[in-house]
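Remarks on the overall topology
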Amino acid sequence: MRIKDMKLLIEKNRSYRRFDFGRKISEDVLVELVDVARMSQSAANLQPLSYITINKEEMVAKVHKHMRWAGYLPDWNGPVDAERPVAYIIVLGNTEVKQTYREVDAGLAMQNMCICAAAEGIGSCMIGNLDKKILVELLEIPEHYEIIYAVAFGFPVEQVQMVPFAGDVKYYRNENQNHFVPKRLLKDVLIKRV
Ligand SMILES: Cc1cc2nc3c(=O)[nH]c(=O)nc-3n(C[C@H](O)[C@H](O)[C@H](O)COP(=O)(O)O)c2cc1C
């Protein structure tokens, strides 16, 4: 695979928030994604992360209630029932492991999972705004783990398109509920070539 192929995949790997609830994701796929996360780079190779996969409909529904969606779209209360994610992976920090760059490790692990999911046509959304306290109880997470993030998965039913940044980082939607996400231009982020 060349950069141009990877670039296409990364272009496709947007944050999706509306999914086909009728199209499920098998536990095998979720386990495969965790295996990818496990192989990710880790500061000092400490590997402080652990995971919980969730694809049983009842548990997905319970967990889903504690995620907060799209802060820049205050009039949108998250996906309607027919468009909910069909799976979640919860990213946990093991508090018995030294806490060095844990957030970076989590980002790398999530990104690798999301890119691999995108390669299968699966959309995802990283969720940092979630009710960790309730979820710890709900999922009966042992004491020495903390929830860091969740990643929602499903087959997208929305178009997400990148548009050139024009002074505002806020994503928005048009009347067809298509989603637009501003990205700073290459010429603005590549500040020097020496
Ligand atoms: C660390 C992190 C936490 C995020 N948390 C949330 C969240 O709680 N809820 C949500 O709807 N989106 C969340 N997102 C998705 C971002 O809003 C999204 O990445 C951003 O709007 C850019 O869109 P893109 O991913 O399609 O490029 C999060 C993304 C990252 C990287």
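Preceding this paragraph is the structure being described.
Here's a quick rundown of the structure. Everything numeric in this text was worked out from a predicted model, so none of it was measured. (Residues numbered from 1 in each chain as written. Predicted model: local features only at pLDDT ≥ 70, side-chain atom pairs only at ≥ 80, totals over all residues. Heavy atoms only, no water.)

**As for the packing of helix α2 (residues 27–38) against helix α4 (residues 102–119)**
Running from N to C, α2 and α4 point in directions that differ by 135°, and their axes come no closer than 8 Å. One element, α2, and the other, α4, form an angle in the oblique class. The two elements α2 and α4 cross, and the hand of that crossing is right-handed. Residues L33, V34, V36 and A37 of α2 pack against A109, N112, M113, C116 and A117 of α4. Of the residues contributing to the contact of α2 with α4, the split by class is eight nonpolar, one polar and no charged. (Axes fitted to C-alpha atoms, helices over the stretch in contact; angles between N-to-C directions. Helix = DSSP H or I, 4+ residues; strand = E, 2+ residues; numbered from the N terminus. Parallel < 35°, antiparallel > 145°, perpendicular 65-115°, else oblique. Left-handed = near helix turned anticlockwise from the far one by under 90°. Contact = heavy atoms within 4.5 Å. Nonpolar A, V, L, I, M, F, W, Y, C, P; charged D, E, K, R; others polar.)

**A short note on unusual backbone geometry**
Located in the positive-phi region is A70, a residue other than glycine, with phi close to 45°. Examined against the element boundaries, A70 turns out to sit in the loop between α3 (57–64) and β2 (87–94). Assessed through its relative accessible area of 7%, A70 is described here as buried. For Y101, which is not a glycine, the phi torsion comes out positive at approximately 55°. Along the chain, Y101 turns up in the loop between β2 and α4. (Buried < 20%, exposed > 50% of the residue type's maximum accessible area, 1.4 Å probe, protein only.)

**Overview of the site of the ligand**
Near the ligand you find 15 residues, and of these R14, S15, R17, A70 and K183 are the closest. The separation between a nitrogen atom of the ligand and a polar main-chain atom of G128 is 2.9 Å. Between the ligand and N129, the relevant distance is 2.9 Å, taken from an oxygen atom to a main-chain nitrogen or oxygen of the residue. Considering the ligand on its own, with 620 Å² of exposed area, one finds that the protein chains cover 72% of that surface. Among the secondary structure elements, those contributing two or more residues to the shell around the ligand are β3 (123–127) and β7 (179–183). It is β3 that provides the largest number of residues to the shell around the ligand, a total of three residues. When the residues that make up the shell around the ligand are grouped by side-chain class, the tally is eight nonpolar, three polar and four charged. Counting contributing residues per domain, the shell around the ligand is built from domain 1 (3–158) and domain 2 (159–194), each supplying no fewer than three. (Near = heavy atom within 4 Å. Polar contact = N/O pair within 3.5 Å; in protein donor to acceptor, adjacent residues only side chain to side chain. Areas by Shrake-Rupley, 256 points an atom, 1.4 Å probe, with all protein chains shown as cover. Domains from an automatic or database assignment.)

**Some points on the nonpolar core**
The biggest cluster of nonpolar side chains holds 25 residues, and the ones touching the most others in it are V63, M67, W69, Y88 and I90. Going through the elements one at a time, α3, β2, β3 and β4 (145–154) are the ones with two or more residues in this core. Each residue touching M67, except ones within four places of it in the same chain, is listed here: Y88, I90, I127, N129, L130, L135 and A150. (Core = buried A, V, L, I, M, F, W, Y, C linked by side-chain atoms within 4.5 Å.)

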